Amino acid sequence: MPHAVTHVLFPLVLVDLYRNYLHKAKKIHLHYVLIAGLAGLLPDIDVVVYWLLNGFMSISLSDIHRTFTHTLFFPLIFLILGFFTKGIKVRLYKDKLKLNWVFYMIAFGIFIHLILDAVLAGSIKPFYPFSYYEIGLNLIKNNLEGTLLPGIDAILLFIWLIHLELKHKISDYI
Ligand SMILES: [Zn+2]
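This one's a predicted model, so the numbers in the text were calculated from it and none came from an experiment.

Student: Just checking my understanding: could you explain the coordination of the zinc ion for this structure?
Tutor: In a perfect tetrahedron of four donors around a metal, the angles come out at 109.5 degrees. In a perfect octahedron of six, they are 90 or 180 degrees. Note on the zinc ion: its protein donors are Asp44 (OD), His70 (NE2), His113 (NE2) and Asp117 (OD). The metal-donor distances range over 2.1 to 2.3 Å. Every donor counted, the four donor atoms about the zinc ion form angles of 89 to 172 degrees at the centre, which fits irregular coordination.

Next up, the structure:
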């Protein structure tokens, strides 16, 4: 499966690009960018569930991983929550965020996670448990002895840090 940095950076960069280059007013608060990035990890919470259940019962990772949290229903839940929370604001530090957009960002991060899993390595069952139909392009068939996916993580992180330095001078904060 694609690794954590890939899952965080893909939605984060997509929302940030949209914010920087397509949405000229830059009205989108940076918190939304971060939320989309963090939500990109959310589907793999099923690995943590596997760890917890493993303490109580004999269970294999494949029984849990890429099941419920890797379906189209998972982002749909947050999309629907977004529809019903229009107009509600929540406070994050000293900023106010629109709750419906928080949910939309979570739905987006999850959706990008599903695409990455389905395209890069392995497959997902988008309609589980109602259907066992699988989508998996498996573009990374040869993981070069397990080095390719962590390598993509490293390259993405490297490029992202360079971008942050050039655009936002993050070294000032270190
Ligand atoms: Zn996953």
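Student: Whenever I open this one, the packing of helix H1 (residues 4-22) against helix H7 (residues 148-168) confuses me. Can you help?
Tutor: A pair of packed helices can be characterised by two numbers: the angle between their axes and the separation between those axes. Contact geometry of H1 with H7 gives a least axis separation of 9 Å together with a crossing angle of 35 degrees. Two packed elements cross with a definite hand, and for H1 against H7 that hand is left-handed. Residues Ala4, Val5, Thr6, Leu9, Phe10, Leu12, Val13, Asp16, Asn20 and Tyr21 of H1 touch H7, and the partners they reach there are Ile152, Asp153, Leu156, Leu157, Trp160, His163 and Lys167.

Student: In this structure, what is going on with the packing of H1 against helix H2 (residues 30-39)? I would like to understand it.
Tutor: Packing of H1 against H2 leaves a shortest axis separation of 7 Å and a crossing angle of 150 degrees. What the angle tells us is that H1 and H2 run roughly antiparallel. In this structure, the crossing between H1 and H2 has a hand that is right-handed. Contacts from His7, Val8, Pro11, Leu12, Val15, Asp16 and Arg19 in H1 reach Leu30, Val33, Leu34, Ala36 and Gly37 in H2. Of the residues contributing to the contact of H1 with H2, the split by class is eight nonpolar, two polar and two charged.

Student: Would you mind showing me how to read the pairing of strand E2 (residues 95-98) here?
Tutor: Two faces make up the sheet, and in a regular strand the side chains alternate between them. As paired elements, strand E1 (residues 89-92) and E2 share four bridges and run antiparallel to each other. Paired with Leu92 across the strands is Asp95, a residue of E2.

Student: What is the right way to read the nonpolar core from this model?
Tutor: What tends to happen in soluble globular proteins is that the nonpolar side chains get buried as a cluster. Formed by 25 residues in total, the largest nonpolar core has its most connected members in Phe78, Val102 and Ile106. For this core, the element with the highest residue contribution is helix H6 (residues 99-120), accounting for nine residues. Once residues within four sequence positions are removed from consideration, Ile106 is found in contact with Ile35, Ala39, Leu42 and Phe78. Judged by nonpolar contacts, the second largest core, of six residues, contains Ile112, Leu116, Leu120 and Ala121.

Student: Looking at this structure, how should I read a positive patch on the surface?
Tutor: On the surface, Lys27, Lys86, Lys89, Arg91, Lys96 and Lys98 cluster together to form a positively charged patch. At the level of elements, E1 and E2 are the ones that each hand at least two residues to the positive patch. Looking at where Lys27 falls in the secondary structure, it is placed in the loop between H1 and H2.

Student: What is the right way to look at the environment of Ala39 in this model?
Tutor: Turning to its location among the elements, Ala39 is positioned in helix H2. Since its relative accessible area comes to 5%, Ala39 is described here as buried. Counting along the chain gives 67 residues from Ala39 to Ile106, while the straight-line C-alpha distance between them is 5.0 Å. Dropping the residues within four chain positions of it, Ala39 is found in contact with Met105, Ile106, Gly109 and Ile110.

Student: Help me understand the packing of aromatic side chains, please; the structure alone is not making it clear to me.
Tutor: Aromatic ring pairs are reported here in terms of the distance separating the ring centres and the angle at which the planes meet. Considering all chains together, one arrives at seven aromatic pairs under this definition. Each ring, one from Phe78 and one from Phe103, has its centre 6.3 Å from the other, and the planes form 35 degrees; the classification is tilted. Of the two residues, Phe78 is situated in helix H5 (residues 73-84) and Phe103 in helix H6; the sequence distance between them amounts to 25 residues. Assigned by exposure class, Phe78 and Phe103 land together as buried. Geometrically, the ring pair formed by Trp101 and Tyr104 is edge-to-face, given 5.1 Å between the ring centres and 85 degrees between the ring planes. Here Trp101 pairs with Tyr104, and both are found in helix H6, just three residues apart, close to one helical turn. Under the relative-accessibility criterion, Tyr104 is labelled buried at 19%. Three or more aromatic residues joined by ring pairs form one cluster here, namely Phe68, Tyr128 and Tyr132.

Conventions used here
- Residues numbered from 1 in each chain as written.
- Predicted model: local features only at pLDDT ≥ 70, side-chain atom pairs only at ≥ 80, totals over all residues.
- Heavy atoms only, no water.
- Donors = N, O, S within 2.8 Å, 3.2 Å for Na, K, Ca; no water.
- Tetrahedral: all angles 85-135°; square planar, octahedral: opposite > 155°, others 65-115°.
- Axes fitted to C-alpha atoms, helices over the stretch in contact; angles between N-to-C directions.
- Helix = DSSP H or I, 4+ residues; strand = E, 2+ residues; numbered from the N terminus.
- Left-handed = near helix turned anticlockwise from the far one by under 90°.
- Contact = heavy atoms within 4.5 Å.
- Parallel < 35°, antiparallel > 145°, perpendicular 65-115°, else oblique.
- Nonpolar A, V, L, I, M, F, W, Y, C, P; charged D, E, K, R; others polar.
- Pairing = 2+ DSSP bridges.
- Core = buried A, V, L, I, M, F, W, Y, C linked by side-chain atoms within 4.5 Å.
- Buried < 20%, exposed > 50% of the residue type's maximum accessible area, 1.4 Å probe, protein only.
- Patch = residues over 30% accessible without salt bridge, like charges linked within 9 Å, V, L, I, M, F, W, Y side chains within 5 Å.
- Areas by Shrake-Rupley, 256 points an atom, 1.4 Å probe, with all protein chains shown as cover.
- Salt bridge = Lys/Arg side-chain N within 4 Å of Asp/Glu carboxyl O.
- Lys, Arg positive; Asp, Glu negative; His and termini not counted.
- Charge placed at Lys NZ, Arg CZ, Asp CG, Glu CD.
- Phe/Tyr/Trp six-rings, centres within 6.5 Å; stacked < 30°, edge-to-face > 60°.

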